[in-house]
Amino acid sequence: MMTPDPGRQTLLILGASGDLTARLLLPGLAALLATPDAPDLSLVGAGMEDWDDQRWRRRVHDSFATAAGGSARPAAVADQARYLRADVTQEQELRRLLDSCPGRVVIYFALPPAVTVAACAALRGAELRPGTRLVLEKPFGTDAAGARALNEMLARLVPEDQIHRVDHFLGKSTVLNILGLRFANRIFEPVLNNAHVAGVDIVFDEDLALEGRAGYYDHAGALRDMVQSHLLQVMALLAMEAPPSLDARELRDRKAEVLRATRLWDDDPAVTSRRARYTAGTIGDRRLPAYADEPGVEAARQTETLAEIVLAVDNWRWAGVPFRLRSGKALAGRRKEAVVTFRQPPHVPDGLRGYEQPDRLRIGFGPDQVRLDVNVNGPDDPYVIDPVTLSADFGPGELPPYGEVLRGVFDGDPTLSVRGDTAEQCWRIVEPVLTSWQGGAVPLLEYPAGSAGPGDSLVS
Ligand code: BG6
């Protein structure tokens, strides 16, 4: 076995030839490598494709191209990258891979969930070097039982703090800005509770459609792909109690606590969940086929491309406040925001006319901005209220979300990774909905691609 050099790390990507590696992981890595405090890194790709080093290096260079910003470091790492053909579900082959990795090894499972499980099982027989870190993509398991079983398997391999369950939304600068907005200001936090908030909407509407991802998406659908993972993470940051520090344990404890208190509103999926899928339509100059006709989709599987659920958080702060989560694909508008709608003021003085809408705090996830809708006296008649919006744009973070998450991985800091118990809680929260949808209790609605989605949305 190779002697570990504490300063040196190898990123071993299992599933190197896949789409995720090329589109997200490698560009994030390039941006990280271009920073002054970038880790000292070797890159090894592994997969079933019959590639050689040259082929892999071309892939790495292509993916690095736009994200590296002209820095020499990423190019140097790409030039030295190695590729090993391997069946990563076989113990012997994993041993061979690990033996060829210098320094501390970071194993990135850029694989479909079932292959990840098989690879983790095979790792049990391979000897892992001290300090080895495991990085897993979402979906983490496919249900609560699967997530629990996977957690148990991982716990036999390395300690929890060396397991990084990636949710790239936790690396988005605006999502992280929720912490600054809530806890570095005096004015918002005291009113973020059921005395002042009427409801919270977390919406991620995309104009993107399937993008050739049927192999993954047709088994996942919008609820698993977006709501069970990303949107619940955003909700946890919005609803959790104030942590004393952003230390990994403190932050993740607060998130876990609030997710444990979360359940489906009224425990009734028939009323507080909706699912739909798009039919043929047009978005801008793109003509889209119906989801059911997309290559690789099995229409009978009834996979939803839009999901909505309403959640309750059963604690002192939030009891009685609905949290409405929605995400959909192939929609007309790109509405990506969390909106806190405040209650009406207790009394608008008689004689002050025109009050129509409550105050709203909007946190946008693209464009990245914070907006506050408030009522002021209008420019003409001073006794008539006009709503105005105070708005601030955020610049992009130093790193793209995948770069931010990877920084935590290489620094051995799991703050931005999803902890095992939290991954299980997120499945527990959506499981009644999944069960009810599988049983057909909630109809699968339809909406034309390029529309606003089916009418009568649960979100406001
Ligand atoms: C991914 C989902 O995790 O997040 C995609 O699988 C979705 O379906 C994407 O489009 C959205 O994130 P971003 O950062 O690309 O807007």
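Here, the structure is the one placed above.
Notes on the structure follow. All figures in this text were calculated on a predicted structure; none of them were measured in a lab.

Rules behind the numbers
Residues numbered from 1 in each chain as written. Predicted model: local features only at pLDDT ≥ 70, side-chain atom pairs only at ≥ 80, totals over all residues. Heavy atoms only, no water. Buried < 20%, exposed > 50% of the residue type's maximum accessible area, 1.4 Å probe, protein only. Helix = DSSP H or I, 4+ residues; strand = E, 2+ residues; numbered from the N terminus. Arc of directions from axis to C-beta. Contact = heavy atoms within 4.5 Å. Polar contact = N/O pair within 3.5 Å; in protein donor to acceptor, adjacent residues only side chain to side chain. Expected span 1.5 Å × (residues − 1).

Comments concerning helix α4 (residues 91-99)
By the burial criterion, the buried members of α4 are L94, L97 and L98. Along the axis of α4, the buried residues cluster in a sector spanning 95 degrees; they form a single face. On its buried face, α4 is in contact with β1 (8-14), β2 (40-47), β3 (82-85), β4 (104-109) and α5 (113-123).

With respect to the environment of R286
Considering the arrangement of structural elements, one finds R286 in strand β11 (residues 286-288). The spatial distance from the C-alpha of R286 to the C-alpha of R274 is 26 Å, given a sequence separation of 12 residues. Within polar-contact distance, the side chain of R286 engages the backbone oxygen of D207 at 3.0 Å.

Topic: helix α2 (residues 53-65)
Residues three or four positions apart in an α-helix share a direction because the helix packs 3.6 residues into each turn. Over its 13 residues, α2 runs 18 Å from end to end, which matches the ideal 18 Å to within 8%, given 1.5 Å per residue. Where α2 is concerned, the buried positions are W56, R57, V60, S63 and F64. The buried residues of α2 occupy an angular sector of 130 degrees when projected down its axis, which confines them to one face. The outward face of α2, more than 90 degrees from its buried face, is lined by the exposed residues R58, D62 and A65. Close packing links the buried residues of α2 with β1, α1 (19-33), β2, α3 (72-80) and β3.

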